[in-house]
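The chain contents come next:
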Amino acid sequence: MSPDYKIITPEFTLRLIDAEESLDLQQLVIRSPSLHQWIDWCYPNFSEHEADRFILATRLNWVKSEAYGFGIYRRHDEKLIGMVAINELYQTFNMASLGYWLADEYQHQGYGRKALSALCEFCFDILKLTRLEVVCDPDNQASQHLVVACGGKFETLAANRFLFNGKPKQGAVYSIIPE
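In this text, all values refer to a predicted model and were calculated from it rather than measured experimentally.

Asks: Any chance you could explain the side chain of Thr 58 here in plain terms?
Replies: Structurally, the position occupied by Thr 58 is in helix H3 (residues 48–63). In this structure Thr 58 comes out as buried when scored by relative accessible area, which is 12%. Setting aside residues no more than four positions away along its own chain, Thr 58 makes contact with Leu 16, Gly 69 and Met 83.

Listed below in structure tokens is the structure:
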């Protein structure tokens, strides 16, 4: 998929975050303490240099077709408010693992549901995937509510399902299946 690929909805443009937007990314992360407990690369001292590296890694993953991280931009002001991502593609199983986050100031406004729904639609309609998974910390109620709002079904609590700060953690596993 070309790095200039965009998913456009009535409210959002989902696209790669540009290198020139590293300060915007950095500011969103440091102003969003609710993310710091759930996403290990999001923490209070997140630097602009780390934002640059994150953007570069996202672009490299995209070019290698390993993962697709989309910045969520409101169409009316082109403001970056968070991300939705295909974190991993499992071609053998025709499925993907999804991730998402919204800056604190943009949470609880329906943005997350609309952006994640657009990504799911893209995965099913364009990539023709037959299963999507979201894995999150069992205590992350906001993430669980969002995936359920997008049609996700709880499947299991899986031991050592993801790493947080290099340590394995139990994960709540949700699936989204096309209708």
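So that's the structure; there's more coming.
Asks: Is there a simple way to explain the sheet that holds strand E5 (residues 95–102) in this structure?
Replies: Whether parallel or antiparallel, the strands of a sheet pair through hydrogen bonds between backbone atoms. Pairing within the open sheet is mixed, and its 8 strands lie in the order E1-E2-E3-E4-E5-E6-E8-E7. Looking at strand neighbours, the two that pair on one side only are strand E1 (7–8) and strand E7 (153–164), the edges of this open sheet. In the sheet, E7 pairs with strand E8 (residues 167–176) via 8 bridges, with the strands oriented antiparallel. From the neighbouring strand, Phe 162 faces E8, where its bridge partner is Lys 169.

Asks: Teacher, can you tell me more about the pairing of strand E3 (residues 68–74) here?
Replies: Moving residue by residue along a regular strand, the side chains alternate between the two faces of the sheet. Across the 7 residues of E3, 7 count as buried, placing the element largely inside the fold. Across the two faces of E3 the burial is the same, with Tyr 68, Phe 70, Ile 72 and Arg 74 and Gly 69, Gly 71 and Tyr 73 all buried. Of the strand pairs in this sheet, strand E2 (residues 12–15) and E3 are connected by 4 bridges, and their pairing is antiparallel. Looking at the pairing, Thr 13 lines up with Tyr 73 of E3. Note: E3 against strand E4 (residues 80–90), 6 bridges, orientation antiparallel. By the bridge assignment for E4, Gly 71 is matched with Met 83. Where E3 hands over to E4, the hairpin turn is made up of 5 residues, of which Glu 78 adopts a positive phi near 55°.

Asks: Help me out: how do you make sense of the nonpolar core in this one?
Replies: Side chains that are nonpolar tend, in soluble globular proteins, to be buried together. Counting 52 residues, the largest nonpolar core has Leu 14, Leu 25, Phe 70, Ile 86, Leu 98, Leu 119 and Leu 132 as its most contacted members. Sort the elements by how many residues they give to this core and helix H4 (residues 111–125) lands first, with 9 residues. The contacts of Ile 86, once residues within four sequence positions are left out, are Ala 67, Tyr 68, Ala 96, Ser 97, Leu 98, Leu 119, Phe 122, Cys 123 and Leu 127.

Asks: In this structure, what is going on with the environment of His 108? I would like to understand it.
Replies: As for its position among the elements, His 108 is in the loop between E5 and H4. C-alpha of His 108 to C-alpha of Ala 142: the two residues are 34 residues apart in sequence and 9.3 Å apart in space.

Asks: Help me out: how do you make sense of the packing of aromatic side chains in this one?
Replies: Given two aromatic rings, one states the distance between the centres and the angle between the planes to describe the pair. Under the defined criterion, the tally for this structure stands at 11 aromatic pairs. Their ring planes at 55° and their centres at 5.6 Å tell us that Trp 41 and Phe 46 sit as a pair that is tilted. With relative accessibility at 3%, the residue Phe 46 sits in the buried group. Among the aromatic residues, ring-to-ring pairing joins Tyr 5, Trp 62, Tyr 68, Phe 70 and Phe 122 into one connected group.

Asks: Would you mind showing me how to read the packing of H4 against helix H5 (residues 141–149) here?
Replies: Their axes nearest at 9 Å, the elements H4 and H5 cross at an angle of 55°. As far as their axial angle goes, H5 and H4 are oblique. The chirality of how H4 crosses H5 is right-handed. Here Gly 112, Arg 113 and Leu 116 of H4 come into contact with H5, specifically with Leu 146, Val 147 and Ala 149.

Asks: I tried to follow unusual backbone geometry on my own but got confused; where do I start?
Replies: Of note in this structure, Asn 94 is not a glycine but carries a positive phi near 55°. By the secondary structure assignment, Asn 94 is in the loop between E4 and E5. Assessed through its relative accessible area of 25%, Asn 94 is described here as partly exposed. The phi dihedral of Lys 128 falls on the positive side, at around 60°, and the residue is not glycine. Secondary-structure assignment places Lys 128 in the loop between H4 and strand E6 (131–136). Residue classification places Lys 128 among the exposed residues on the basis of a relative accessible area of 55%.

What counts and what doesn't
- Residues numbered from 1 in each chain as written.
- Predicted model: local features only at pLDDT ≥ 70, side-chain atom pairs only at ≥ 80, totals over all residues.
- Heavy atoms only, no water.
- Helix = DSSP H or I, 4+ residues; strand = E, 2+ residues; numbered from the N terminus.
- Buried < 20%, exposed > 50% of the residue type's maximum accessible area, 1.4 Å probe, protein only.
- Contact = heavy atoms within 4.5 Å.
- Pairing = 2+ DSSP bridges.
- Core = buried A, V, L, I, M, F, W, Y, C linked by side-chain atoms within 4.5 Å.
- Phe/Tyr/Trp six-rings, centres within 6.5 Å; stacked < 30°, edge-to-face > 60°.
- Axes fitted to C-alpha atoms, helices over the stretch in contact; angles between N-to-C directions.
- Parallel < 35°, antiparallel > 145°, perpendicular 65-115°, else oblique.
- Left-handed = near helix turned anticlockwise from the far one by under 90°.

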